[in-house]
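# Fold and geometry: a report
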Amino acid sequence: MKKLISLGARMIFALALVLYTLSSAFAQQQKKLLLRDSDTQEGIPGVTYRYGFQKGVSDENGNVPLLIDTETWLYLSHLSYGSWTLEPKEVAEAAKSGMITRREQLHGLQPVSVISLKMSEGKDEKILISDQERLHHDAGAILALDPVVSGIRKSSSFAFDPVMRGFKYDQLNIVVNGLQSANAACPNRMDPPTSQIALNRIQEVEILKGPHALRYGIGLGGTINYIQEAPSFTATPGIYGRVSSLFQSNGDVWRNDARIGFQGSNYDIGILGSYSTGNDYLDGDSNPVPAEFKRGTLGIYTDFKVTNRDLVQFTVNRNFARDVDFPSLGMDLRTDDTWMGSLKHARTFTRNSLTQWTNSVYFTRVDHLMDNLLRDPRMSDSSTPAVTQNWGFRSEGEWIFSQGKLFAGVDFKKEAADGTRTRAITMGPMTGKVFYDNLWQDSQIRKTGFFANYLIPVGRTVVTASGRLEVNQAIANNPAEEFTQLNPDLENTQLNPGISIGAQRDLGKAFSVGIWAASVKRSGGLLERYINYLAVGLDPWELVGDPEIKPETNNELDVVLGYSREKISLELTLFGSYMTDYISSIKTDLKPQLATSPGVRQYVNMDEAMKTGFELNFKQQLVNNLSHSLGVAYTYGKDLVLDTPLPEIAPLDLRYGLMGHFFDKKLQTGINLRHVIAQERVSEAFGEGTTPGFTLLDVDASYPIGKMLLIKGGIQNLFGETYYEHLTRPIGSDKTPMYAPGRNYFLMVSFKFP
């Protein structure tokens, strides 16, 4: 422990020294530039910009605030206006006039009707959420639109559990607005964190690849940040709202979403809700697949501009799920009730380097029940009520120096889980006996983190340095006797330092290159430390935790090569990850709790493992009304000690899209092709099977009627392909594949006012 503390102290001192050294530079002039359409003379909102360390999106009027210097290039990008670059001389001229004009060029599908995968600053990506995606009952499923993110499915209709570059579960950091999160109450993750996020007010999703986003916590393989809409204040009071509904033919799926808000000069208040339901669907061969579900959300939000410098935001959501089929597990989700709330205060400053200070608190509570009472035949009546509770706070300051930008602060998060399985034997010689299995053991983990992130432009290069020191404290308050016999020490404290350094350089007007290096530690989660004899892994073996399991370390290098012109953009990311003390599990001679289980695995640290791969994004404007895009992602994983493939690595995934607009840009059309190759690199030690490749084709079209009504329809899996994803868990002991839906027709109607 002393060595860890000493190492962490040295890292913090070194990072502070770097930040202090880089913070001195010459003064710049603050300017507000207006981005304006050269034809209509209207402002262009939603333009992504990057100017040295400064980056963001133009406001609703098209304004961009910049600290102007004499040697930095300005990079601009918009779905309808393409990507373009201003050299330092052109930026200076724009600063004098206060305006940048641009003619509309790139035309994808309307923002209200499709997800747009944007080329990003650096190596990360953003997903802009449309009204169609807000209708989805599972916030994890929309991530599948990006080939970088695959997902583990144990239900055919619910609980898409994201996997990125082969990292999963607690190796990924899932947050809302950089803060709020939920823990799965079900040990088998029927309710992963993404499933608890209500999409009604989500504007975009940041996919932060790799362990570099240390501001928001430790994401060993990456961070997924759901960002809510900014409040909208108006000079005159008004009412706004949205009502949307979508029907899918395969499975009779209905999704509905509604929202009404009241806004004025200093307030934005609203009520939102959603409800979705579905039945069994047919796969490509017209075979039924169990897929019933019911899912809903009800929430309120209040945003108040208390003063010109103070903004207070409060939100509460109530989520529920009922009777969700999980054919690949021994139980189904019977009820899932979740409360999520947050309170945030942001204060801006104008007379010193400190520009903003933000303080936030949040809580979540997940009350989950799963049982097998609708399964026949069965050896026992089993049910597991489980509860997880999270709460935390975050305090962060933002400083802008003459040529540098610093984020620094502290955060705290407490995670707790408890639940007992009841088994009433209904068949065999033990009929009538009842057993109680203490699964979570009232376990808790507290995480206290100190973080800093500094950005500074050096000529055409933007240097980024991030550091984090996290104190991780874990304990089981109600341990089971069989668990304490195996693990007598139930309380453990670990110190996890992390550091990331990156640099991005522009090579002329078109090319750019970036490189990021990081070394980050992550302690085991509640499952890896305290799960008590339950089959929650890839195979049917029961798993038992280890409270003293060592933190796993990821040493990663990312290299990003970019090319961007007015009608074409290309980005290639190469990554390599070397892991030590990698958390996995091994078979033991321990006796399982269930007679049907083949044995018991225990979580352990493996010595060495590696992952490497690439991601490619390409976009091009073909003609005035036609554009296309290409995305590819691939990961290769290997256990370096056993010289075997790592389990649950998704195969190469390729996406191609062709988008057009016709009839004065009102008719928006899209053709989307997805090709996934066969996965033959599998882990035999975990009983993982190979999966065949497949090809899917989707088509859709949308058309607005007036200014407030939008209609969109399409066909998914046009050719009725019979397929299943590699990470989808099979059904039953014979490992029958859980096939995805066959051909599916959908129709969406969305009404907005005013």
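Because the structure is a prediction, the values reported are computed rather than measured.

## Comments concerning the overall build of the chain
Helix and strand counts for the chain stand at five helices and 43 strands. The C-alpha atoms of the chain give a radius of gyration of 26 Å, which matches the 27 Å a tight globule of 754 residues would have. When its C-alpha atoms are laid out on the principal axes, the chain stretches across 90 × 60 × 50 Å. A burial count over the chain gives 56% of its 754 residues as buried. For the chain, long-range pairs separated by at least 24 residues make up 65% of all intrachain contacts whose partners lie at least 6 apart in sequence. In the chain, which carries 76 positive and 83 negative side-chain charges, the distance between the mean positions of the two groups comes to 6 Å.

## Overview of the sheet that holds strand 12 (residues 167–168)
The three strands lie next to each other as 10-11-12, forming an open sheet whose pairing is antiparallel. Either end of the sheet is taken by a strand with one partner, and the two such strands are strand 10 (149–152) and strand 12. Strand direction decides the pairing type here: strand 10 and strand 11 (residues 161–164), joined by four bridges, are antiparallel. The residue bridging Ser 150 from the neighbouring strand is Val 163, located in strand 11.

## What to know about the confidence of the model for the chain
Averaged over every residue, the pLDDT of the chain is 88; residues scoring 70 or more account for 92%. By mean pLDDT, the top-scoring element of the chain is strand 19 (residues 281–282) (98), and the lowest-scoring one is strand 8 (residues 116–118) (34). Scored below 50 in pLDDT, residues 1–28 makes 36 contacts in the model with residues more than four places away or belonging to other chains. pLDDT under 50 marks residues 105–122. Its contacts with residues more than four places away, or in other chains, come to 87 contacts.

## Things to note about the pattern of salt bridges
Here the structure, examined in full by the defined rule, presents 36 salt bridges. Put simply, Glu 396 and Arg 394 hold a salt bridge, and the shortest N to O gap is 2.9 Å. We classify Glu 396 as buried; its relative accessible area is 10%. What makes Arg 394 buried here is its relative accessible area of 7%. Of the charged contacts in the structure, one is a salt bridge between Arg 421 and Asp 437, with a shortest N-O distance of 2.8 Å. One end of the pair, Arg 421, is in strand 26 (residues 405–425); the other, Asp 437, is in strand 27 (residues 434–438), and 16 residues separate them in sequence. Here the residues in one salt-bridge network are Arg 215, Arg 394, Glu 396, Asp 411, Arg 468 and Glu 470, joined through shared partners.

## With respect to the packing of aromatic side chains
One pass over the full model with this rule turns up twelve aromatic pairs. Seen from their ring centres, Phe 393 and Phe 412 are 5.8 Å apart, and the 20 degrees between their planes marks the pair as stacked. Highlighted residues: Phe 393 in strand 25 (residues 380–400) and Phe 412 in strand 26, separated in sequence by 19 residues. Phe 412 gets classed as buried once you look at its relative accessible area, which sits at 14%. When the centroid spacing of 4.5 Å and the interplanar angle of 35 degrees are considered together, the rings of Phe 694 and Tyr 723 count as tilted.

## A word on unusual backbone geometry
The omega angle of the peptide bond from Asp 376 to Pro 377 is -5 degrees, so this bond is cis rather than trans. Summarising the element assignment, Pro 377 is placed in the loop between strand 24 (354–371) and strand 25. Each neighbour pair has its own omega, and for Phe 753 with Pro 754 the value is 5 degrees, a cis peptide bond. With a phi angle near 65 degrees, Ser 286 is a residue other than glycine that sits in the positive phi range. Tracing the backbone through its elements, the reader meets Ser 286 in the loop between strand 19 and strand 20 (288–289). Although it is not a glycine, Tyr 533 sits at a positive phi angle of roughly 55 degrees. Tracing the chain through its elements places Tyr 533 in strand 32 (residues 532–534). You can call Tyr 533 buried: its relative accessible area is 5%.

## Observations regarding the nonpolar core
Nonpolar side chains tend toward joint burial in soluble globular proteins. Val 149, Met 164, Ile 197, Ile 202, Val 205, Ile 224 and Tyr 226 are the most contacted members of the largest nonpolar core, which totals 29 residues. Those elements giving two or more residues to this core turn out to be strand 13 (172–176), strand 14 (202–209), strand 15 (222–228), strand 35 (568–588) and strand 36 (600–623).

## What about the environment of Ala 701?
Checked against the element boundaries, Ala 701 lands in strand 41 (residues 694–705). For the pair Ala 701 and His 661, spaced 40 residues apart in sequence, the C-alpha separation works out to 9.4 Å. In this structure, Ala 701 is in contact with Leu 667, Gln 668, Thr 669, Ile 711, Lys 712 and Gly 713, ignoring residues within four places of it in sequence.

What counts and how
- Residues numbered from 1 in each chain as written.
- Predicted model: local features only at pLDDT ≥ 70, side-chain atom pairs only at ≥ 80, totals over all residues.
- Heavy atoms only, no water.
- Helix = DSSP H or I, 4+ residues; strand = E, 2+ residues; numbered from the N terminus.
- Rg over C-alpha atoms; globule rule 2.2 N^0.38 Å.
- Buried < 20%, exposed > 50% of the residue type's maximum accessible area, 1.4 Å probe, protein only.
- Contact = heavy atoms within 4.5 Å.
- Lys, Arg positive; Asp, Glu negative; His and termini not counted.
- Charge placed at Lys NZ, Arg CZ, Asp CG, Glu CD.
- Pairing = 2+ DSSP bridges.
- pLDDT = per-residue confidence, 0-100.
- Salt bridge = Lys/Arg side-chain N within 4 Å of Asp/Glu carboxyl O.
- Phe/Tyr/Trp six-rings, centres within 6.5 Å; stacked < 30°, edge-to-face > 60°.
- Core = buried A, V, L, I, M, F, W, Y, C linked by side-chain atoms within 4.5 Å.

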